[in-house]
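# Observations on chain architecture
These are the residues of each chain, in order.
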Amino acid sequence: MLTFKIIAGIIIFILTFSMIISEKVPPSLSAIIGGGAMIILRIIDEHEALLAISRNLEILLLLMGLMMIVSIMSETGMFQYLSIKVAQKAKGDPVRIMAFLGLGTAICSAFLDNVTTVLLVAPISILLAEQLKIKSLPFLIVEIFSANIGGAATLIGDPPNLIIGSMAGFKFNDFIYNLAPLVIINLAVLIFTMVFIFKDQMDVSRVSKAKIMEMEAERVIKDKDLLIKSMVVFILVITGFLTHTSTGLGLATISIMGAGMLILISKKSPEEIFNHIEWPTIFFLSGLFVLVDGIENIGVIERIGEHVVNMTDGNLNFTAILTLWFSSLLSPFMGAVPYTISFAKVITEISPNFSGNTNILWWSLSLGACLGGNMTIVGAAANVVGAGIASKSGNPITFKEFFKYGSLVVLQSAILSTIYILLRY
């Protein structure tokens, strides 16, 4: 029999997700109100709510540290410099530029925030397209898709991986070892597909190519001294991530200490850098942690888990593939982060029912949530940012247009991921 708490909890959960998807209310505010409603109606008490946040404090601190580091690095002009150099390395050939930008974006997004990567690279790609006198759509589409694919390769590359790493206890190197090989394959297939689709739009004159070769990349570097300092700290932080199992230092500690060190040696005002932290993202995640723990408290997660086990008849591989495809199809509409937080609880609940290596379920969730975000323009934050930049430049990307390319890319990714999971695990 459904009690008041169960009914109220489900209603709050559905209403909160509806507000997040509709974007009529800022997502951070929707999550905070939803989590607060869970506490007010005693679905979860205040102590349990604080525990829900504290259990995931490493994720929040890790993100905050990286946000501060990237905000300082972005002031140097390094990303713009690299984009121009990539274009010149391609000798102004738009097909090569598109491929190189996709590869560069994927690599950057594996170690930086996806949104920041797109935010920094997209304006330069629009400038390059204008110089070549072609549409910027192919460049932007490839960059957005590459950012989401590249982000799937590491623990810090995409928010869903941070959540999975925290809940499953995976280390930084676990993601690289298990997911990076497939990410490389996915990226190669993406670039090949996009070149095939857009090749007819890539005819440019020699004069246009010459303009690219004449651009002075050095002029976009705003502060060489800060560039050197930030690169040294960034390399130290990434080294710390790669070796943290040996050193025993937590990822959050490495990230925050790296940010503190960079603020100190760059002589930046801490208050100014703190303003660059994406506080809406921090509050959004905190509210979701409370919201999902509330749903777990009333037994909804347990019931969903039982249905999943019954549906797959306890077959681990079938459950993994089902998780992958559900995640690929649902996360683009529900949002990758809220979907991951919710379904991660389901995996925690059902894992004891299987024999064998249940890590396959976590990797399936990661691939589905991260790569599935490419389907819709609201599927990932990087998509929204990229589309916003395109619109401001006078080259808007419509929902229908994005979905046309995104659904093909996600279908490719899901098929490749299915084959990879079945062969490897």
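Criteria and cut-off values
- Residues numbered from 1 in each chain as written.
- Predicted model: local features only at pLDDT ≥ 70, side-chain atom pairs only at ≥ 80, totals over all residues.
- Heavy atoms only, no water.
- 1 Å grid on protein atoms, 1.4 Å probe; cavity = no way out; pocket = protein on both sides within 12 Å on 5 of 7 lines; lining within 4 Å.
- Points joined across faces, edges and corners; volume = space filled by probe spheres on them.
- Helix = DSSP H or I, 4+ residues; strand = E, 2+ residues; numbered from the N terminus.
- Nonpolar A, V, L, I, M, F, W, Y, C, P; charged D, E, K, R; others polar.
- Core = buried A, V, L, I, M, F, W, Y, C linked by side-chain atoms within 4.5 Å.
- Buried < 20%, exposed > 50% of the residue type's maximum accessible area, 1.4 Å probe, protein only.
- Contact = heavy atoms within 4.5 Å.
- Axes fitted to C-alpha atoms, helices over the stretch in contact; angles between N-to-C directions.
- Parallel < 35°, antiparallel > 145°, perpendicular 65-115°, else oblique.
- Left-handed = near helix turned anticlockwise from the far one by under 90°.
- Phe/Tyr/Trp six-rings, centres within 6.5 Å; stacked < 30°, edge-to-face > 60°.
- Lys NZ or Arg CZ within 6 Å of the ring centre and 35° of its normal.
- Expected span 1.5 Å × (residues − 1).

So, on to the layout of surface pockets. Take a probe with the size of a water molecule and roll it over the atoms, and the empty space left behind shows itself. Of the volumes computed, that of the second largest pocket is approximately 400 Å³. Secondary structure elements with two or more residues in the lining of the second largest pocket: helix 1 (4-22), helix 17 (300-312), helix 18 (316-334) and helix 19 (336-350). By residue number, the principal contributor to the lining of the second largest pocket is helix 17, which donates seven residues. In the lining of the second largest pocket, the residues fall into 17 nonpolar, three polar and one charged.

With that settled, the discussion passes to unusual backbone geometry. Not every positive phi belongs to a glycine, and K133 is a case in point at roughly 60 degrees. Residue position: K133 is located in the loop between helix 7 (114-132) and helix 8 (137-151).

Further remarks concern the nonpolar core. Membership of the largest hydrophobic core comes to 138 residues, with the highest contact counts inside it found for L128, F139, I141, F145, M194 and F241. At twelve residues, the largest contribution of residues to this core is made by helix 4 (residues 57-74). Those residues within four positions of M194 in sequence are excluded, and the remaining contacts are M98, I141, V142, F145 and V409.

Take the packing of helix 8 against helix 10 (residues 172-198) next. Helix 10 packs onto helix 8 with a crossing angle of 165 degrees between their chain directions and a minimal axis gap of 10 Å. Looking at the two axes, helix 8 sits roughly antiparallel to helix 10. In this structure, helix 8 meets helix 10 at a crossing whose hand is right-handed. Between helix 8 and helix 10, the residues in contact are L137, P138, I141, V142, F145, S146, I149 and G150 and V183, N186, L187, L190, M194 and F198, respectively. Of the residues that constitute the contact of helix 8 with helix 10, the class distribution is eleven nonpolar, three polar and no charged.

Counted according to the given criterion, the structure contains eight aromatic pairs. Arranged with centres 6.0 Å apart and planes meeting at 85 degrees, the rings of F170 and F175 form a pair that is edge-to-face. Here F170 and F175 have matching classes, each one buried. Here the aromatic rings of Y420 and Y425 are separated by 6.5 Å at their centres, their planes lie at 80 degrees, and the arrangement is edge-to-face. Residue classification places Y425 among the partly exposed positions, given a relative accessible area of 29%. An aromatic cluster is present here, built from F170, F175 and W363 joined pairwise through their rings. The ring of Y177 has R424 sitting right over it, with the charged end atom 4.5 Å from the ring centre.

Another point: helix 22 (residues 399-424). Taking 1.5 Å of rise per residue, 26 residues should cover 38 Å, and helix 22 covers 35 Å from first to last C-alpha, within 8% of that figure. Looking only at helix 22, the buried set comprises F402, Y405, G406, V409, V410, Q412, S413, A414, S417, T418, Y420 and I421. Buried residues in helix 22 make contact with helix 8, helix 10, helix 18, helix 20 (359-372) and helix 21 (381-392).

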